[in-house]
Amino acid sequence: MLNKKSVDDINVKGQKVLVRCDFNVPLIDGKITDENRLVAALPTIKKLVADGGKIILCSHLGKPKGVAKPELSLAPVAARLSELLGQEVKFAADPEVVGPNAKAAVEAMKDGEIVLLENTRYRAEETKNGEALSKELASLCDVFVNDAFGTAHRAHCSNVGVTQYVDTAVVGYLMQKEIDFLGNAVNNPERPFVAILGGAKVSSKISVIENLLEKVDTLIIGGGMAYTFAKAQGGTVGESLLEADYCEYALNMIQKAKDKGVKLLLPVDNVIADEFSNDANTKIVSCGEIPDGWQGLDIGPETAKMYADAVKEAKTVVWNGPMGCFEMPNFAAGTEAVAKALADTDAVTIIGGGDSAAAVNQLGYGDKMTHISTGGGASLEFLEGKELPGVAAANDK
Ligand code: AMP
């Protein structure tokens, strides 16, 4: 059980609070095209303002790789945050992040005021967890708050290094929610606990499969990786995505599930196509009966129904990875059926970040889910059972 101190456990009145946020928003010509991450950061910022802290925000944006690229400046974020919060967010435009502007702005702060530092990745040592930037960031503050889940699987200066030089390091509300659901709910679930895994490759999900097999009652597999399982069991998969090197692994997983009494559900039918295109000719065939020249691009209707039924019985469901090539509308039905099943159930529903989160939101089911993770890579590593450095660095309760 992860039990980390949060912003609810500290008194920040009059304290300088450095908050690591995830303001890594998409920008086109200096305009923010999706502000979900800014909105998601507001509860923690508002709480710290209301408590009378002096709030110093920091984040990375894109991959400037140690160069102060103007197109990756956080200036537009400061402007939009000021509007969203209804109070000025002063921007400290230092290419070295902690420079004269930042120091002067922090020095002049009154309780409840907010300053935003420049893109932390303008400094090359940020992603190397270097000592100098970690110390400089720590020198600005009395207390550190990490609310950036998207980078929690990386040990960088602004989320991990800095904590070595401050006494108090806690998590914000966004991080707390991710810990509660992806960490604690997965480790201590209400049962039956069903995990649904999809996406392209078995090889990228091995650790997730292995970790979840130890915890779930039912493991559902869809997406491109199902064809490796089908081939391993003696089926023909035509031109479908296949990782032949992983067939033996797939058989081991099938055996492991049996030994553990975990119900492993694999597709029974597939939507196949004669080319990798939305306009391809399509057919529905039984799993493992895909002819040469054809490839499986979605689970079939019978499979979709079987998966939806499995979700109905569940009390906790975790989903990571689409059931097919959902980016092409003709191969999105399986992913949509799973999203709908999750939207309709009373179970606790947890969506790993990345494609499944995007699919759920695009389909308008976002507000029907218990938790949609904000981190792609970080949520996957959490599901692998790994300790995330950004989480580990916060003080225990
Ligand atoms: P991942 O990043 O591993 O979760 O994979 C997500 C990608 O897997 C999406 O872009 C899907 O289009 C792709 N995908 C899912 N099912 C298939 C399939 N049957 N064949 C090829 N690609 C697939």
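K.L.:
Any details on the packing of helix α1 (residues 36–50) against helix α2 (residues 75–85)? Residues and values, ideally.
P.N.:
The geometry of α1 relative to α2 is characterised by a closest axis approach of 11 Å and an angle of 60° between their N-to-C directions. Taken together, the axes of α1 and α2 lie oblique to each other. As α1 packs across α2, the resulting crossing turns out to be right-handed. The segment α1 lies against α2, with Leu38, Val39, Leu42, Ile45 and Lys46 engaging Val77, Arg80, Leu81, Leu84 and Leu85. In terms of residue class, the contact of α1 with α2 is made up of eight nonpolar, no polar and two charged.

K.L.:
Can you explain the pairing of strand β17 (residues 316–320)? Please cite residues and give values.
P.N.:
Judged by how many residues are buried, β17 sits mostly within the fold: five of five residues are covered. Residue alternation in β17 divides its side chains into two sets, Thr316, Val318 and Asn320 and Val317 and Trp319, and both sets are buried. Pairing of strand β9 (residues 193–197) with β17, which is carried by five bridges, proceeds in the parallel orientation. Bridge pairing in β17 places phenylalanine 193 opposite threonine 316. Alignment of β17 against strand β18 (residues 348–351), held across four bridges, turns out to be parallel. The partner of threonine 316 across the bridge, within β18, is valine 348. In this view, the connection linking β17 to its parallel neighbour β18 by way of helix α10 (residues 333–344) has right-handed handedness.

K.L.:
Pulling in residues and values, what's your account of the site of the ligand?
P.N.:
Taken together, 14 residues sit near the ligand, with Ala200, Lys205, Gly296, Glu327 and Asp355 positioned nearest. The backbone of alanine 200 places a nitrogen or oxygen atom 3.0 Å from an oxygen atom of the ligand. Within the side chain of glutamate 327, one N or O atom sits 2.5 Å away from an oxygen atom of the ligand. Its free accessible area being 500 Å², the ligand has 78% of it covered by the protein chains. Tallied by class, residues from the shell around the ligand come to six nonpolar, five polar and three charged.

K.L.:
I'd like a rundown of the sheet that holds strand β8 (residues 168–171), residues and numbers included.
P.N.:
An order of β5-β6-β4-β1-β7-β8 is seen for the six strands of this open sheet, with the pairing classed as parallel. Single-partner strands in this sheet number two, and they are β5 (89–92) and β8. This sheet shows a mean twist of 25° between the axes of neighbouring strands, independent of strand direction. As defined by bridge partners, strand β4 (residues 54–58) adjoins strand β6 (residues 114–117) across three bridges and the pair is classed as parallel. When the sheet's bridge partners are listed, isoleucine 56 is paired in β6 with valine 115. Along the sheet face, α1 touches β1 (16–20), β4, β6 and β7 (143–146) and points at about 155° away from the line of β4.

K.L.:
How would you sum up the side chain of threonine 163? Please name residues and give values.
P.N.:
Topologically, threonine 163 is positioned in the loop between β7 and β8. Here threonine 163 falls in the buried class, since its relative accessible area comes to 15%. Within polar-contact distance, the side chain of threonine 163 engages the backbone oxygen of valine 160 at 2.5 Å. In this structure, threonine 163 is in contact with Phe144, Ala169 and Ala393, ignoring residues within four places of it in sequence.

K.L.:
How would you summarise the domain arrangement of the protein chain if you had to cite specific residues and measurements?
P.N.:
Split by domain assignment, the protein chain resolves into domain 1 (7–175) and domain 2 (183–383). One C-alpha centre belongs to domain 1, the other to domain 2, and the line joining them spans 36 Å. Each partner contributes to the interface: domain 1 provides six residues, whereas domain 2 provides eight residues. Between domain 1 and domain 2, a total of about 570 Å² is buried, with carbon and sulfur atoms accounting for 66% of that surface. For domain 1, the biggest contributors to the area lost against domain 2 are Phe149, His153 and Leu174; these three give 77% of the whole. Counting across the domain 1 and domain 2 interface gives zero salt bridges.

K.L.:
Give me unusual backbone geometry: which residues, what numbers.
P.N.:
Residue proline 192 is reached from arginine 191 by a cis peptide bond, and omega for that bond is 0°. Relative to the elements of secondary structure, proline 192 occurs in the loop between α5 (173–187) and β9. In this structure, aspartate 29 takes a positive phi of about 50° despite not being glycine. Tracing the sequence through the fold places aspartate 29 in the loop between β2 (27–28) and β3 (31–32). Even without glycine at this site, lysine 65 takes up a positive phi of about 55°.

K.L.:
Break down the nonpolar core for me, citing the residues and quoting the values.
P.N.:
Note that soluble globular proteins tend to have their nonpolar side chains buried in a common cluster. Leu18, Phe23, Leu57 and Leu117 are the most contacted members of the largest nonpolar core, which has 52 residues in total. For this core, the element with the highest residue contribution is α1, accounting for six residues. Within the second largest apolar cluster, 42 residues are counted, among which are Val202, Cys247, Val262 and Leu388.

Thresholds, definitions, all that
Residues numbered from 1 in each chain as written. Predicted model: local features only at pLDDT ≥ 70, side-chain atom pairs only at ≥ 80, totals over all residues. Heavy atoms only, no water. Axes fitted to C-alpha atoms, helices over the stretch in contact; angles between N-to-C directions. Helix = DSSP H or I, 4+ residues; strand = E, 2+ residues; numbered from the N terminus. Parallel < 35°, antiparallel > 145°, perpendicular 65-115°, else oblique. Left-handed = near helix turned anticlockwise from the far one by under 90°. Contact = heavy atoms within 4.5 Å. Nonpolar A, V, L, I, M, F, W, Y, C, P; charged D, E, K, R; others polar. Buried < 20%, exposed > 50% of the residue type's maximum accessible area, 1.4 Å probe, protein only. Pairing = 2+ DSSP bridges. Right-handed = clockwise from strand over helix to strand, strands pointing away. Near = heavy atom within 4 Å. Polar contact = N/O pair within 3.5 Å; in protein donor to acceptor, adjacent residues only side chain to side chain. Areas by Shrake-Rupley, 256 points an atom, 1.4 Å probe, with all protein chains shown as cover. Domains from an automatic or database assignment. Buried area = accessible area lost by both parts, 1.4 Å probe. Salt bridge = Lys/Arg side-chain N within 4 Å of Asp/Glu carboxyl O. Core = buried A, V, L, I, M, F, W, Y, C linked by side-chain atoms within 4.5 Å.

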